[in-house]
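# Descriptive structure summary
Okay, here's what each chain looks like letter by letter:
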Amino acid sequence: MNNTLRRRRIGEEVYFSSVTDPKFKHNRISVNYILPLEKETVSANALIPFLLRKGSRECPDFTLLNQKLYSLYGATLSADVSKYGGYQVLDVSISGLDDKFTLDGEAMVAQCAGLLAGLATDPNLVDGAFPEKDVELEKQYLIDSIEAEINDKRAYAINKCRTIMCEGEPAALRKYGYVEDVKKITPQSAAETFLRVRRTARVEILFVGCGDCTPAEEIMEATFAKLDRAPIALPEQVRVPAAAQVKQEVERMDLSQSKLAMGFRTGAAQNMDELSAMQLMVAMFGGTPFSRLFVNVREKLSLCYYCAARFDRITGIMLVDSGVEAQNREKAQAEILNQLEVMKRGGFTDEELENTLLTMKNSLYTVSDSLSGLEDWYMAQLMQSTARSPQEEAELMAKVTREDVMAAAQKVTLDTVYFLTGEKED
């Protein structure tokens, strides 16, 4: 097994990275366009990967595209939008069988890479526009994805808390954009957006699998060498050191279980040792089934249906969310803050620390169980300008001491409290 990233610049702000692990039988190749999150462009950008998956100049029909995928031993194509702090990432990827497992030794890596290169850089544009039918279908898909957020009240509350917390920062923007802006997109404006993305974005191409990445690397290098590129400089990620004051907002909606979301700042940019300590602290605080929030707020005091903490290592934001009865809101909030104080003064046992470390290490070791897991891991690493393997991360975390955890907790400050609850009674 070799989960070490190899990365090479193959064009103007175009990078090819590969991770090899012989236990797989498939390879996954992705082209990722990285752009700053901006209100004016976020919605138009978000439509692009879904249009790119519809076809290319060489394979303009969706039926033909699927026939091509079937001929490649059932290769699968996917597209999505991700958000890393203040960056928006548009990705198109293909997963296919490796050459050595084909019946007649077909060059699957080269064929998959060639198909993906065409889809990502040379879509089916007619008279300078995407096909109108494709645009309307994908616009509706994007609108449905945006509107579906309200159906998951837990995710809605977390995202709303983050939006309030990061007001004025790129991280406050939604990765899929906004319905009113999606509706304005035309076949012509979508094509213009694509050309802007292809010209100005930083491009990260990832190859994860068991095969020889050389054919894919050569195809991608030749493809991007032909393009007119003028990449823009990506702004530095915004990381607020501490909360100046606590923002509070209550929203009422027709629901039976209220949602309490609390946003915390965790300090200025940290080195890798401090980052590991913060991750371990958050996990001990609210990231495992035996965390302090779960054991105390939920189990012992029965103040909520669930209570968990998560950490965004790029923005340095810790979010705590819980499902509560409206009358328990203040008690639950007070106990969450009390458990944070326990962490700050070191009121946790060595057994808690050891169990959390073992859980975190096990989680890191399972990253390499799937191609998508490895790809997601290294994409997040690249967004932080690092390239550590999951195993290296686990080794770094094993060095964290009790004092390191306490120091991490002491940097945490409450920034935002958002409460989603039922309609007012008369």
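See the structure above.
In every chain, residue numbers begin from 1 and rise along the written sequence. A pLDDT threshold of at least 70 governs which residues receive local features in this predicted model, and a stricter bar of 80 or more applies before side-chain atom pairs are shown or counted, although totals over entire chains, interfaces and linings include all residues. Each side-chain value is derived from all of the structure's non-hydrogen atoms; neither hydrogens nor water enter the calculation.

## Focus on the side chain of R292
Note the following rule: Elements are defined by DSSP. Helices are runs of H or I of four residues or more, strands are runs of E of two residues or more, and each kind is numbered from the N terminus. By the convention used here, residues are in contact when the closest approach between their heavy atoms is within 4.5 Å.
For R292, the location among the structural elements is in helix α10 (residues 292-300). Non-local contacts of R292, meaning those with residues more than four positions away in its chain, are made with M284, F285, V297, Q339, V342, M343, G347, F348 and E352.

## Focus: the nonpolar core
Applied cut-off: Take the buried Ala, Val, Leu, Ile, Met, Phe, Trp, Tyr and Cys residues and link them wherever side-chain atoms come within 4.5 Å; each set so joined is a nonpolar core. The classification of residues rests on relative accessible area computed with a 1.4 Å probe and restricted to protein chains. Under 20% of the type maximum is buried, over 50% is exposed, and intermediate values are partly exposed.
Core analysis: the largest hydrophobic core is formed by 55 residues, its most contacted members being I29, V31, Y33, I205, M220 and F224. The leading source of residues in this core is helix α3 (residues 108-121), at nine residues. Beyond its immediate chain neighbours, meaning those up to four positions away, Y33 contacts L52, Q88, V89, L90, A120, T121, V197, R198, A201, R202, V203 and F224. If you look at the next biggest cluster of nonpolar residues, it comprises 40 residues, including L303, C307, A309 and I336.

## Digging into empty space enclosed by the protein
Gaps left between atoms are located by rolling a probe of water-molecule size over the structure's atoms. Where we set the bar: Grid points spaced at 1 Å over the protein atoms alone were grouped into cavities, where a 1.4 Å probe fits but cannot get out, and pockets, open sets with protein on both sides within 12 Å along at least five of seven lines, with lining residues defined by an atom within 4 Å of a point. Grid points are joined across faces, edges and corners, and a volume is the space filled by probe spheres set on the points. Here the nonpolar group is Ala, Val, Leu, Ile, Met, Phe, Trp, Tyr, Cys and Pro; Asp, Glu, Lys and Arg are the charged ones; every other residue, Gly included, is treated as polar.
Under the counting rule described, the total for this entry stands at two cavities of 30 Å³ or more. Taken as a whole, the largest cavity holds about 40 Å³ of empty space. Within the residue set of the lining of the largest cavity, elements represented by two or more residues are β3 (26-36), β5 (87-97) and α3. Taken together, the residues that form the lining of the largest cavity break down as six nonpolar, two polar and no charged. Of the pockets and cavities examined, the second largest cavity occupies roughly 30 Å³.

## A closer look at the pattern of salt bridges
The line we're drawing: One side-chain nitrogen of Lys or Arg within 4 Å of one carboxyl oxygen of Asp or Glu is enough to make a salt bridge.
Applying the stated rule across the entire model yields 28 salt bridges. Here R292 ties to E352 by a salt bridge, and the two come within 2.9 Å at their closest N and O atoms. Taken as a pair, R292 in helix α10 and E352 in helix α12 (residues 350-365) lie far apart in primary sequence, 60 residues in all. Residue classification places R292 among the buried positions, given a relative accessible area of 13%. In this structure, R298 and E299 form a salt bridge, with 2.1 Å as the shortest nitrogen-oxygen distance. A relative accessible area of 42% means that E299 is categorised as partly exposed.

## Observations concerning the pairing of strand β11 (residues 413-421)
This is how the line gets drawn: For two strands to count as paired, DSSP must find a minimum of two bridges between them.
Burial of β11 is extensive: eight of the nine residues sit out of reach of the surface. Here strand β7 (residues 247-252) pairs with β11 via six bridges, running parallel. Bridge assignment links Q248 to a residue of β11, and that residue is V417. In terms of strand pairing, strand β8 (residues 258-265) meets β11 through seven bridges, oriented antiparallel. Residue pairing in the sheet places R265 in a bridge with T413 of β11.

## Description of α12
Let me state the cut-off plainly: Here, expected helix span is obtained from the residue count minus one, scaled by 1.5 Å. Working definition: the arc comes from the directions between the helix axis and the C-beta atoms, pointing outward to the latter.
Over its 16 residues, α12 extends 23 Å from the first C-alpha to the last, a length consistent with the 22 Å expected when each residue adds 1.5 Å. By the burial criterion, the buried members of α12 are E352, L353, T356, L357, M360 and L364. The arc enclosing the buried residues of α12, seen along the axis, measures out at 130 degrees, which places them on a common side. Where α12 is buried, its residues touch α9 (272-286), α10, α13 (371-383), α14 (390-397) and α15 (402-409).

## Brief notes about the state of the cysteines
Keep this limit in mind: Note on terminology: disulfide denotes any pair of cysteine sulfur atoms within 2.5 Å.
Tallied over the entire structure, the rule returns zero disulfides. Not engaged in a disulfide, the cysteine C161 finds its nearest cysteine sulfur in C166; these two sulfurs lie 8.7 Å apart. Residue class for C161 comes out buried when judged on its relative accessible area of 0%. In this structure C304 is a free cysteine whose sulfur lies 4.5 Å from that of C307, the closest cysteine sulfur available.

## Some words on the sheet that holds strand β10 (residues 317-324)
Short version of the rule: A fitted line through C-alpha atoms represents every axis, and for helices the fit uses only the stretch in contact; the resulting angles, taken between N-to-C directions, go from 0 to 180 degrees.
Taken in spatial order, the five strands line up as β7-β11-β8-β10-β9 in an open sheet, and their pairing is mixed. Pairing within the sheet leaves two strands with one partner each, and these edge strands are β7 and β9 (306-312). Along the sheet, successive strands turn relative to each other by an average axial angle of 15 degrees, direction set aside. Sheet strands touched by helix α5 (residues 153-165): β7, β8, β9, β10 and β11. Its angle to β11, the strand with the most contacts, is close to 140 degrees. On the sheet, α9 packs against β9 and β10 and is oriented at approximately 170 degrees with respect to β9.

Scope: geometric values only; no functional claims are made or implied.
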